[in-house]
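Observations on the three-dimensional arrangement
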Amino acid sequence: MTAASSQRHAGRLRRHRRVRKKITGTAERPRLAVYRSNKHITVQVINDLDGRTIASASTVEAEQRKQGSGSTVDAAKRIGALVAQRAKAAGVSKVVYDRGGFIYHGRVAAAADAAREAGLEF
């Protein structure tokens, strides 16, 4: 890692820890956590009190890999809608959003907007 990318990564982790001090997923309102890498996006619905993932979706899944690149806004929209569908099937309708220290823009925002449109309340 170069010095600049190392600083960016450390800053994201600092922001993530700061946000996680205030956000906790419960059974009634689990946490919708987003992780974005250069090639993929992963979204999980997590109950932090039980330490359990209720629903998840990622562009790493075989079915999603067939649909093209995982590093686009369209892929993030697909994943956001898919995780909302899986969460609603598990009985979750309200979540608290955790952007994971990433800026709320581009793929991170697209995943959140798609989850909202698919029926999850933030």
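The following refers to the structure shown.

Per the secondary structure count, the protein includes four helices and four strands. Along the chain direction, N to C, the helices and strands of the protein fall in the order α-β-β-β-α-α-β-α. For a compact globule of 122 residues, the expected C-alpha radius of gyration is about 14 Å, and the protein comes in at 14 Å, within 12% of that figure. Its C-alpha atoms put the protein at 45 × 35 × 20 Å along the principal axes. In the protein, which comprises 122 residues, the share counted as buried stands at 39%. When contacts within the protein are restricted to residue pairs at least 6 apart in sequence, those whose partners lie at least 24 apart make up 60%. Here the protein has roughly 7000 Å² of accessible surface; of this, 49% comes from carbon and sulfur atoms. Charged side chains in the protein number 24 positive and 10 negative. The centres of these two groups are separated by 9 Å.

The next thing to look at is the packing of aromatic side chains. Each aromatic ring pair is specified by the distance between its two centres and by the angle formed by the two planes. Evaluation of the coordinates by the stated rule reveals three aromatic pairs. Grouping aromatic residues by their ring pairs yields a cluster made of Tyr97, Tyr104 and Phe122. When the ring centre of Phe122 is taken as origin, the NZ or CZ atom of Arg116, which lies over that ring, is 4.3 Å away.

Let us now look at the side chain of Arg107. Following the sequence through the fold, Arg107 ends up in helix α4 (residues 107-117). One buried charged residue, Arg107, forms no salt bridge at all, with the nearest opposite charge on Asp74 at 11 Å.

Sheet architecture is open: four strands sit in the order β3-β2-β1-β4, paired in mixed fashion. Only two strands of the sheet have a single partner each, and these edge strands are β3 (52-58) and β4 (96-98). Averaged over all pairs of adjacent strands, the angle between strand axes in this sheet comes to 20°, irrespective of strand direction. The sheet contact formed by strand β1 (residues 31-36) and β4 spans three bridges and is parallel. Bridge pairing in β4 places Ala33 opposite Asp98.

With eight of 11 residues buried, α4 lies mostly within the body of the structure. When α4 is considered as a whole, its buried residues turn out to be Arg107, Val108, Ala109, Ala110, Ala111, Ala112, Ala114 and Ala115. Buried residues along α4 sit in contact with β1, β2 (41-47), α3 (73-89) and β4.

Time to look at the pattern of salt bridges. Per the stated rule, a full pass over the model turns up five salt bridges. Asp48 is the salt-bridge partner of Arg31, the closest N and O atoms lying 2.9 Å from each other. Taken as a pair, Arg31 in strand β1 and Asp48 in the loop between β2 and β3 lie far apart in primary sequence, 17 residues in all. Residue classification places Asp48 among the partly exposed residues on the basis of a relative accessible area of 23%. Ionic contacts of the salt-bridge type, sharing partners, join the residues Arg20, Arg31, Asp48 and Asp98 into one network.

What counts, and where the lines are drawn
- Residues numbered from 1 in each chain as written.
- Predicted model: local features only at pLDDT ≥ 70, side-chain atom pairs only at ≥ 80, totals over all residues.
- Heavy atoms only, no water.
- Helix = DSSP H or I, 4+ residues; strand = E, 2+ residues; numbered from the N terminus.
- Rg over C-alpha atoms; globule rule 2.2 N^0.38 Å.
- Buried < 20%, exposed > 50% of the residue type's maximum accessible area, 1.4 Å probe, protein only.
- Contact = heavy atoms within 4.5 Å.
- Areas by Shrake-Rupley, 256 points an atom, 1.4 Å probe, with all protein chains shown as cover.
- Lys, Arg positive; Asp, Glu negative; His and termini not counted.
- Charge placed at Lys NZ, Arg CZ, Asp CG, Glu CD.
- Phe/Tyr/Trp six-rings, centres within 6.5 Å; stacked < 30°, edge-to-face > 60°.
- Lys NZ or Arg CZ within 6 Å of the ring centre and 35° of its normal.
- Salt bridge = Lys/Arg side-chain N within 4 Å of Asp/Glu carboxyl O.
- Pairing = 2+ DSSP bridges.
- Axes fitted to C-alpha atoms, helices over the stretch in contact; angles between N-to-C directions.

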